[in-house]
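Structural characterization, general
One-letter residues, chain by chain:
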Amino acid sequence: VSNITAFRPRTVIFSCPSCYKAISGSISRIADVPFESRELSQFLVENMERIPFRHHVDRVVTLHDSCSTHPFSIYENPRSLLKAIPGLTLVEMEHNRENALCCGGRPEAAPSEVFEKRRRMPLEEAKATGADALATICIGCQRHFVPLEEQYPFEIRQYISLVAESVGVRHED
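The shown structure was predicted, so the numbers you read here are calculated from the model rather than taken from an experiment.

The rules we used
- Residues numbered from 1 in each chain as written.
- Predicted model: local features only at pLDDT ≥ 70, side-chain atom pairs only at ≥ 80, totals over all residues.
- Heavy atoms only, no water.
- Pairing = 2+ DSSP bridges.
- Helix = DSSP H or I, 4+ residues; strand = E, 2+ residues; numbered from the N terminus.
- Right-handed = clockwise from strand over helix to strand, strands pointing away.
- Salt bridge = Lys/Arg side-chain N within 4 Å of Asp/Glu carboxyl O.
- Buried < 20%, exposed > 50% of the residue type's maximum accessible area, 1.4 Å probe, protein only.
- Axes fitted to C-alpha atoms, helices over the stretch in contact; angles between N-to-C directions.
- Contact = heavy atoms within 4.5 Å.
- pLDDT = per-residue confidence, 0-100.

1. Looking at the pairing of strand β6 (residues 155–158)
The pairing of strand β5 (residues 133–136) with β6 spans four bridges and is classified as parallel. Counted as the bridge partner of Thr 136 is Gln 158 from β6. Between the parallel elements β5 and β6, the chain passes through helix α6 (residues 139–145) in a crossover that is right-handed.

See the structure below:
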């Protein structure tokens, strides 16, 4: 908080739901947070009319809802953004929104065989959708899934990289 406060922001937009959760939840209860905290997908949806979705992203995408989004019920924000992308088709996994499967969390918090099984469960659900891309909301989930990407018939991307591609910003995810 002190490092962010040094920039004297009025509002801070967090691309990571876990960071947003920490600042707006637990940290704000024990320390003064002298700025407004916002979650990126919420901010983008509120400003969607200003986003120039110009480029087609011809993909079938499924979305993994991170456990860190549960306290804020922001399930529809990333979906609204993905649905606004020309050419993109969004398909749902069996378990989604508040019923989404966890990415496995921190591997040090569970025996390796438990972590591995939990990590693969949402990937297997993504595979069952027939999607050619699994979009993640949380960078932690992305970090847990990407090492297994070559074992699945889809690419793993942050949802925001698909939004960026549609507005003409391309970079390696």
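2. Structural notes on the pattern of salt bridges
Once their charged atoms are close, side chains differing in charge can pair, the charge on each being opposite to the other. Within the structure shown, the criterion is met by 13 salt bridges. Residues Glu 155 and Arg 59 are paired through a salt bridge, measuring 2.9 Å at the closest nitrogen-oxygen approach. Here Arg 59 lies in strand β3 (residues 59–64) and Glu 155 lies in strand β6, a separation of 96 residues in the sequence. Judged by its relative accessible area of 30%, Glu 155 falls in the partly exposed class. Overall, Arg 59 belongs to the buried group, its relative accessible area being 17%. Arg 120 serves as the salt-bridge partner of Glu 116, at 3.0 Å between the closest nitrogen and oxygen.

3. Overview of the sheet that holds β6
Ordered by their spatial adjacency, four strands build an open sheet running β4-β3-β5-β6, and the pairing between neighbours is parallel. Strands with a single pairing partner mark the edges of an open sheet, and in this sheet they are β4 (88–91) and β6. With direction set aside, neighbouring strand axes in the sheet form an average angle of 35°. Where β3 meets β5, four bridges bridge the pair, whose relative direction is parallel. Each bridged residue has a counterpart across the sheet, and for His 64 the counterpart in β5 is Thr 136. Against the sheet, helix α5 (residues 112–129) engages β3, β4, β5 and β6, with an angle of about 150° to β3. Lying over the sheet, helix α7 (residues 159–167) contacts β3, β4, β5 and β6, oriented at roughly 80° with respect to β6.

4. Structural notes on unusual backbone geometry
Despite not being glycine, Arg 8 has its phi angle at roughly 55°, a positive value. Positive phi, close to 55°, is recorded for Arg 97, a residue that is not glycine. Mapped onto the elements of the fold, Arg 97 is located in the loop between β4 and α5.

5. Topic: the confidence of the model for the protein chain
Looking at the protein chain as a whole, its pLDDT mean stands at 88, while 92% of the residues score no less than 70. Mean pLDDT values over the elements of the protein chain span from 78, in helix α2 (residues 17–30), up to 98, in β4.

6. What about the pairing of β4?
The alternating pattern of β4 places Leu 88 and Leu 90 on a buried face, while none of Thr 89 and Val 91, on the opposite face, is buried. When β3 meets β4, the two strands line up parallel, connected through four bridges. Each bridged residue has a counterpart across the sheet, and for Thr 62 the counterpart in β4 is Val 91.

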